[in-house]
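Here are the chains, one letter per residue:
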Amino acid sequence: MIITFIKLAWRNMFRNKRRTLIAGIAIGLGLASLIFVDALIIGMKINMVHSATASFLGEGQIHRKGFRDTHEVELTIADREKVISNLKQETIVERFTERVMSFGMITSPANVNSVTMFGIDPETEPYLSQIDEAIIEGDYFKGANKQNIVIGSKLAELLEVSLGDRVVLTVAQAHTGELSQELFRVSGIYYFNIREMDRGMAFIRLPKAQQMLALNSNIHEIAVKFTDTKFSQNKDLPFWDKYSQNGNEAAGWTTLVPQLEAALKFSDFGIFIVGIILFGVVSLGIVNTLFMSLHERMFEFGVLRAIGTRPFAMGRLVVFEAGALAIISIILGIIIGYIVTAIFSKVGIDYSGIELAGVTFKELLYPVMEIRQFILFPVIVFILTLVVGLYPAAYAARISPAKAMRTAA
Amino acid sequence: MNDEVNQEVIVARGVKRTYSDNGVPVEAVRGIDLIITRGEFTAIVGPSGSGKTTFLNLISGLDPVSEGEVRLNGKKLSAMSGRELSDFRRDNIGFIFQAYNLIPVLTVEENIEYIMLLQGLSRQERHQRVEKILAEVKLEGYADRLPNKLSGGQRQRVAVARAMVSHPSIILADEPTANLDSKTGAELLDMMRNLNQTTGMTFVFSTHDEMIMERAERLIVLKDGLISSDETRQ
């Protein structure tokens, strides 16, 4: 009997092909939108995390405890050699680089500006940041000149300097607070399209920075890149505890840029809201289609009841019709969703320059397709369709045969 | 006495039906007493609005009575739940409607076996009965056709087959020839009369059709919701 009802429901869906197709496309578009939005948000998350970590931050960092809050020059990493030695043994660490940093002043013949000076290792830094890729004029620490400095395009504009021009960098030394000044020659200008980086950062070689700050071989920061980005998001990773000893602290980007993690959580909530709205629209479409179909066949429903179909069976027939509509819609939705998402995952969407949660998108945003989107969402649409179908099903079950035939006649 | 009671297939006592038409009560059936016995070939006739179809709905349990009592095969319809009524109609009454009312997406065979599916008969039993009834209504070879591939007369014969295949004791037919030409209608009526005589099923028609009136062995005339005459002919 069930098979006959399924057969009946399936064939009924094709009695008004145009209406079924339109309803199927409408519901399918809802599903396709959900697949696309989910893929887009995954792509956005990856892009945001990449933009935040790959520019300069790194996926994780090690500092002396308190340094992140105070930036005191004296707070250098304890047991540097041991930490470096251990990091080299870590299987989950792909690369790391050492840095020193200090606030200072940069002066040109035309102007003066506050700056964050970074001492970096030009050999290892490119694996952790994209300064080398962002160079728009000059080069990235070519040769061995210790007096080379790489600055941002906005800073160059403020200081009214160009390649080869001289600038003076002034910082306060560790422990004594004595001012230390050095003359540098602008050897490279970068453009990140991130205001803080383009205007407020200057890069010199690590040994020179250590010398200026009187740090000997000590450093303030180790930026780490893991073999898999998932490690950096795992707050329970033993790595953090292991390197948060002897007065040091290790933290991933989720701790270093908490607003980014909050933004990612918000985007999860966003997909939930989008899902609710889309499913709401889809639900109304289903109810409308089923009721239209039901009213169109009122006499037939009356006849079915008259010849002995039980009320429950009438309701079941409508639920099966809802299921048939769901299957048609899901097939259409998967096809549309796959095509649209596949196209955009190849060509990308240009969000570059847009800032969200302190992170500026630098690259094209590529939606990411996952098998989950093509299983979970269709299953939800199918179940939802059956649940929503209960309303017209209950109506069909309550149809009085005589009234139905009288009304339709 | 018991034999006589057992022969009473339809018993209506003081049956009334009042509808509300936009708040105005309309008495469609105003008090009908009637007994129809097994094997009768009865026509209920009367002008439009006389209450024929309403009365047919009341004696089949499609519509509840406002007053009075209807018993079919000795069972009081108003005492049954919706589900019991469905099962009772399925097992005891065959319906033939004016507009054929076959399920358009089911084939002739599927339409005919629908009620047997509801009854839970085996596939083999259903198939055998469908073959037999199709032969009786002269539609052999049409089992796999959809209703829209049949003529009006053929569709109505399928409707007759569907009504009779489950071996109900009563066939209720509401204007079964209204959409047929006179030749096809006459053939259909002759076929039903023949089935009535060979199977002993009770046939009750609601009709305007003179051909049915001519063939009916009992003619009940309704007027303004009441029986105005009840004539049994030999």
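Residues numbered from 1 in each chain as written. Chains lettered and ligands numbered in written order. Predicted model: local features only at pLDDT ≥ 70, side-chain atom pairs only at ≥ 80, totals over all residues. Heavy atoms only, no water.

Considerations on the nonpolar core
Core analysis: the biggest nonpolar cluster contains 55 residues, and F301(A), I10(B), F55(B), L72(B), F95(B), Y114(B) and L172(B) have the highest contact counts within it. Residues contacting Y114(B), with those up to four places away along its chain left out, are M1(A), F5(A), L304(A), I307(A), T309(A) and I103(B). Of all hydrophobic cores here, the second largest spans 42 residues; its members include I62(A), L159(A), V167(A) and L169(A). (Core = buried A, V, L, I, M, F, W, Y, C linked by side-chain atoms within 4.5 Å. Buried < 20%, exposed > 50% of the residue type's maximum accessible area, 1.4 Å probe, protein only. Contact = heavy atoms within 4.5 Å.)

Here's the deal with the pattern of salt bridges
Inspection of the entire model under this criterion finds 32 salt bridges over all chains. Where R195(A) meets E196(A), a salt bridge forms, and the shortest distance between an N and an O atom there is 4.0 Å. With a relative accessible area of 58%, R195(A) lands in the exposed category. Ionic pairing is found between R218(B) and E40(B), a salt bridge with its closest N-O pair at 3.1 Å. In this pair, R218(B) sits in strand 9 (residues 218–223) while E40(B) sits in the loop between strand 2 (24–37) and strand 3 (41–45), placing the two residues 178 residues apart along the sequence. For the residue pair R218(B) and E40(B), the accessibility class agrees, reading buried in each case. Where salt bridges share partners, they join R15(A), R297(A), E300(A) and E321(A) into one cluster. (Salt bridge = Lys/Arg side-chain N within 4 Å of Asp/Glu carboxyl O. Helix = DSSP H or I, 4+ residues; strand = E, 2+ residues; numbered from the N terminus.)

A look at the domain arrangement of chain A
Looking at chain A, the domain boundaries give domain 1 (2–52 + 261–408) and domain 2 (66–246). Inter-centroid distance (C-alpha atoms) of domain 1 of chain A to domain 2 of chain A is 52 Å. (Domains from an automatic or database assignment.)

What about the sheet that holds strand 9 of chain B?
All names here are of chain B. The mixed open sheet is built from 6 strands, whose spatial order is 6-7-8-3-9-10. Single-partner strands in this sheet number two, and they are strand 6 (93–96) and strand 10 (226–232). The average angle at which neighbouring strand axes cross in this sheet is 15°, direction not considered. Where strand 7 (residues 170–174) meets strand 8 (residues 202–207), 5 bridges bridge the pair, whose relative direction is parallel. Across the sheet, residue L172 finds its bridge partner in strand 8, namely V204. (Pairing = 2+ DSSP bridges. Axes fitted to C-alpha atoms, helices over the stretch in contact; angles between N-to-C directions.)

Overview of the pairing of strand 6 (residues 166–172) of chain A
Residues and elements named next belong to chain A. Strand direction decides the pairing type here: strand 2 (residues 93–107) and strand 6, joined by 4 bridges, are antiparallel. Along strand 6, the bridge assignment pairs I106 with L169. Counted along the chain from strand 6 to the antiparallel partner strand 7 (residues 179–190), the turn is 6 residues long, and its residue H175 has a positive phi close to 65°.

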